Amino acid sequence: MTNWYSLITFGYSDSEDRLWVRLTAEDSNATFWLSRRLVSRFLPDVYGGLIGDQSKEAACLEHEQAVAELRAQGGDSSPPSPKLEGLLSLGLISTIRFSQNEGSYSMIFEGNGDSAGFRCDRKAVHRVLEALWSRQRAVGWGLPAPWAEALVNDQ
């Protein structure tokens, strides 16, 4: 059974060299780790699933419009690492499932035999991708932005 959450936050632990993710709902929280390798697959896979057969230029423009407000608010600043007490801890995530259904999108993170889900709209998917990409960039992982890479590869 998947527990569902309404807010998502990313940060980094230099002692683990992993990104941490905290999902929050009114009465519960979940936290887990993402490795560089998983993030390097997650970003292009989810972005590709989101844009589908849309032109690369239109997809990039959609992404830029969706994240403009996030960037203006300093969207790549990292909150402090969450305290692990009282949280559902999924450990290191092994699988992330991304799906869409009639304008609604979901990401299900699986680890330690449990799963945690995050549902959102299309604009929020762009924001999640941007926040995750910004966090990894800030810590020096150097992963390419799929929205920018798509345009470079097309030229």
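Here the residue index of a chain counts from 1 through its sequence in written order. Owing to the predicted nature of the model, reporting of local features is limited to residues with pLDDT of at least 70; listing and counting of side-chain atom pairs is limited to 80 or more, with chain, interface and lining totals taken over all residues. To obtain the side-chain values, all non-hydrogen atoms of the structure were included, while hydrogens and water were left out.

1. Overview of the confidence of the model for the protein
Definition in use: Along the chain, pLDDT gives the predictor's confidence residue by residue, from 0 to 100. Secondary structure elements follow DSSP: runs of H or I of four or more residues count as helices, runs of E of two or more count as strands, with numbering from the N terminus.
Summing up the model confidence of the protein, the mean pLDDT is 87 and the portion of residues at 70 or higher is 86%. The weakest mean pLDDT in the protein belongs to helix H4 (residues 146–154) at 66; the strongest belongs to strand S7 (residues 104–111) at 96.

2. A look at the pattern of salt bridges
Put simply, the rule reads: Throughout this description, the term salt bridge denotes a Lys or Arg side-chain nitrogen within 4 Å of a carboxyl oxygen of Asp or Glu. Classification of residues uses two cut-offs on accessible area relative to the type maximum, computed with a 1.4 Å probe and protein chains only: under 20% is buried, over 50% is exposed, and between them is partly exposed.
Per the stated rule, a full pass over the model turns up 3 salt bridges. Two residues, Glu 62 and Arg 122, come together in a salt bridge whose shortest N-O distance is 2.4 Å. In this pair, Glu 62 sits in helix H2 (residues 56–72) while Arg 122 sits in helix H3 (residues 122–138), placing the two residues 60 residues apart along the sequence. With relative accessibility at 17%, the residue Glu 62 sits in the buried group.

3. Some points on the nonpolar core
This is how the line gets drawn: By nonpolar core we mean a set of buried residues, namely Ala, Val, Leu, Ile, Met, Phe, Trp, Tyr and Cys, connected to one another through side-chain atoms within 4.5 Å. Working rule for contacts: check all heavy atoms of both residues, and any pair within 4.5 Å makes them a contact.
Counting residues in each nonpolar core, the largest one holds 39 residues, and the members touching the most others are Leu 23 and Leu 34. It is helix H1 (residues 36–51) that provides the largest number of residues to this core, a total of 8 residues. Ignoring any residue separated from it by four or fewer positions in sequence, one finds Leu 23 in contact with Tyr 5, Leu 7, Ile 8, Ser 28, Asn 29, Ala 30, Phe 32, Phe 109, Ala 116, Gly 117 and Phe 118.

4. Side note on the sheet that holds strand S6 (residues 95–101)
Note the cut-off: Here the rule is simple: two strands pair whenever DSSP picks up at least two bridges between them. Simply put, an axis is a line fit to the C-alpha atoms, just over the touching stretch for a helix, and the angle between two N-to-C directions goes from 0 to 180 degrees.
Taking strand neighbours across the sheet as the criterion, the 4 strands line up as S1-S8-S7-S6 in an open arrangement whose pairing is mixed. Because the sheet does not close on itself, it has two edges, and the strands there are strand S1 (2–5) and S6. Each neighbouring strand pair of the sheet contributes to a mean axis angle of 25 degrees, computed without reference to strand direction. Together, S6 and S7 form the strand contacts of H1, whose direction differs from that of S6 by roughly 10 degrees.

5. Thoughts on the packing of aromatic side chains
Quick note on the threshold: When two rings of Phe, Tyr or Trp (its six-membered ring) have centres within 6.5 Å they constitute a pair, described as stacked for plane angles under 30 degrees, edge-to-face for angles over 60, and tilted for the intermediate range. Lysine NZ or arginine CZ positioned within 6 Å of the ring centre and within 35 degrees of the ring normal marks a charge as sitting over the ring.
The tally for this structure, following the rule as stated, stands at 5 aromatic pairs. For the ring pair Tyr 47 and Trp 147, a centre distance of 5.7 Å and an interplane angle of 65 degrees mean the geometry is edge-to-face. Here Tyr 47, found in helix H1, pairs with Trp 147, found in helix H4; they are 100 residues apart in sequence, far enough to count as distant. Residues Tyr 47 and Trp 147 agree in their burial class; the two are buried. Through a chain of ring-to-ring contacts, the aromatic side chains of Tyr 47, Trp 133 and Trp 147 assemble into a single cluster. Of note, Arg 119 hangs over the ring of Trp 4, and the distance from its end group to the ring centre comes to 3.6 Å.

6. So, the environment of Trp 4
One can find Trp 4 in strand S1. Classification of Trp 4 as partly exposed rests on a relative accessible area of 30%. Note: C-alpha distance between Trp 4 and Asn 29 (25 residues apart in sequence) is 9.5 Å. Excluding anything up to four places from it in sequence, Trp 4 contacts Ala 25, Ser 106, Met 107, Ile 108, Gly 117, Phe 118 and Arg 119.

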